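Observations on the three-dimensional arrangement
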Amino acid sequence: MAPDAMRTAAQSLSDARPLSYWLDDPGRPVARPALTGDERCDLLVVGGGYSGLWTALIAKERDPGRDVVLIEGDEVGWAASGRNGGFCAASLTHGLANGLERWPEEIGKLEELGARNLDAIEAAVTRYAIDCDFERTGEIDVATQPHQLEELREWQRRTEELGLGGMELLDRDQVRAEVDSPTFLGGLLDRHGVAMLHPAKLAWGLKEACAGLGVRIYEHTRGLELARSGAGIAVRTPYGRVFARDVALGTNVFPSLVRRVRPYTVPVYDYALMTEPLSAERLASVGWHNRQGLGDSANQFHYFRLSADNRILWGGYDAVYPYGGRLNSSLDQRPETFLKLARHFFACFPQLSGVRFSHAWGGAIDTCSRFSAFFGTAHRGRVAYAAGYTGLGVGATRFGAEVMLDLLSGRETGRTALRMVRSKPVPFPPEPFAWTGIEITKRSMARADSHGGHRDLWLRTMDRLGLGFDS
């Protein structure tokens, strides 16, 4: 890259605050006190991200008399739920392509359930008056290389043949009329399947909705150990215990209290930048009148969108797996990735030269080898878990909450009958094999991006085995 371009990218980051834009909000609620002593309840929810919040909320909606407690190790929404891009997708399967590859016989039902789930999220936002900048804008997958445009064209043709269409193919002029970048060659527009929102405000709003229905919430209360206790379950915390009839685990990227679940997920660190608010002139130079979310079609992809105050969030590309799968807060900041993202941003939008970034952050998400959530129970059905959302948990965690509650009820439902729900992904191997396999996969994906999409022997083998790595 030319020195001037490198200097421009570096200068744009000089004032960026090292924390999530979404969490850097004066309206951030005060944390609730930690649990001290013992508690008893019908249902204990462990984890105060989307997964746990939706579980607690829906449990009370299903049965207002159910006594529900939620514990969170830090503050509600502080982890992935407050650091993501704010794309709320209908897909339950990490995109239609992944779902069609893995569950072709169920894909119609999964798409229907996903659409209903997104509608239910929108209804809950309205019902509980959650001020989270919810916008049903849709999303465009953009092609920046000729082979990507051909892939989008072929994908649209295939989905139409299967009756799973509804996406519009845009040529170069059409996509640039929506959002103007000289790198865009075309795109595939999904008008209805994705909403934009403020992710931290959604978490905080769900917290207040839960409390309003009588859920007792304890923050700075980590679940340390889970064991049988008579006919129920006991969870030890730093200053007490919770005795519950049933437990729902929404811990996702953090080590599961059910140890046998841990090999199914690994943490992946994802990174994002947020610009200063764009002036009217700068925004006009880009267009973006319909405010869609966007993502490019590369294996190493970017996702980008407008905030309510017309900032651009620009994230993705690097997906960093720490050796041994150890979570480390020092990885939340990665200057080399921020510089790379800034260079890519100005290559995509050269008309925004001079714009500065106000925030730069990262965080860990849980991924699994099939890219989409898996589910299960332990302790004779008294404990349920859902994990492995792989970056699409803003919407899909609500569906996962319903699955966990169905599993705890002991009754078969349309959700629990799904093969997606009844099956598990392939677990990751122990080290050093996990790190080595992930690194080989990442390098092969980068080569495919730079060689017309050609997938080498390693990637073709992973495809045949149904394995992969993504964020």
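Data block above holds the structure.
As the structure is a prediction and not an experimental result, all values here were calculated from the model.

1. Side note on helix 5 (residues 146-161)
When the terminal C-alpha atoms of helix 5 are compared, their 23 Å separation across 16 residues agrees well with the 22 Å that a helix rising 1.5 Å per residue should span. Listed in full, the buried residues belonging to helix 5 are His-147, Gln-148, Leu-149, Leu-152, Trp-155, Gln-156 and Thr-159.

2. Structural notes on the pairing of strand 14 (residues 302-306)
Two faces belong to every sheet, and in a regular strand the side chains alternate between them. Where burial is concerned, most of strand 14 is hidden: 5 out of the 5 residues are buried. Side chains of strand 14 alternate between two faces, with His-302, Phe-304 and Leu-306 and Tyr-303 and Arg-305 buried alike. Pairing of strand 13 (residues 293-296) with strand 14 involves 2 bridges; the strand directions are antiparallel. Bridged to Gly-295 within strand 14 is Tyr-303. Remark: 5 residues form the turn of the hairpin made by strand 13 and strand 14, two consecutive strands paired antiparallel. Across 5 bridges, the pairing between strand 14 and strand 15 (residues 312-316) is antiparallel. The residue bridging Leu-306 from the neighbouring strand is Ile-312, located in strand 15. Between strand 14 and the antiparallel strand that follows it, strand 15, lie 5 residues; Asn-310 among them carries a positive phi value of about 65°.

3. Overview of the sheet that holds strand 15
The strands that make up a sheet are held in pairs by hydrogen bonds between backbone atoms, and each pair lies either parallel or antiparallel. Strands sit in the order 5-6-4-13-14-15-12-16 across an open sheet of 8 strands; the sheet is mixed. In this open sheet, the two edge strands, each paired with only one partner strand, are strand 5 (168-170) and strand 16 (357-367). The average angle at which neighbouring strand axes cross in this sheet is 20°, direction not considered. Most of the contacts of helix 5 go to strand 4 (residues 139-143), to which it runs at about 135°, and overall it touches strand 4, strand 5 and strand 6 (186-190).

4. Regarding the packing of helix 2 (residues 50-62) against helix 10 (residues 393-409)
What describes two packed helices is the angle between their axes and the distance between those same axes. Taken N-terminus to C-terminus, the directions of helix 2 and helix 10 make an angle of 50°; their axes are 8 Å apart at the nearest point. Between helix 2 and helix 10, the angle is such that the two are oblique. The interaxial crossing formed by helix 2 with helix 10 has right-handed handedness. On helix 10, the residues that touch Tyr-50, Ser-51, Trp-54, Thr-55, Ile-58, Ala-59 and Arg-62 of helix 2 are Gly-393, Val-394, Thr-397, Arg-398, Ala-401, Glu-402, Met-404, Leu-405 and Asp-406. In the contact of helix 2 with helix 10, the residues fall into 8 nonpolar, 4 polar and 4 charged.

Rules and cut-offs
Residues numbered from 1 in each chain as written. Predicted model: local features only at pLDDT ≥ 70, side-chain atom pairs only at ≥ 80, totals over all residues. Heavy atoms only, no water. Helix = DSSP H or I, 4+ residues; strand = E, 2+ residues; numbered from the N terminus. Expected span 1.5 Å × (residues − 1). Buried < 20%, exposed > 50% of the residue type's maximum accessible area, 1.4 Å probe, protein only. Pairing = 2+ DSSP bridges. Axes fitted to C-alpha atoms, helices over the stretch in contact; angles between N-to-C directions. Contact = heavy atoms within 4.5 Å. Parallel < 35°, antiparallel > 145°, perpendicular 65-115°, else oblique. Left-handed = near helix turned anticlockwise from the far one by under 90°. Nonpolar A, V, L, I, M, F, W, Y, C, P; charged D, E, K, R; others polar.

So far we have only geometry, and geometry alone does not tell us how the molecule works.
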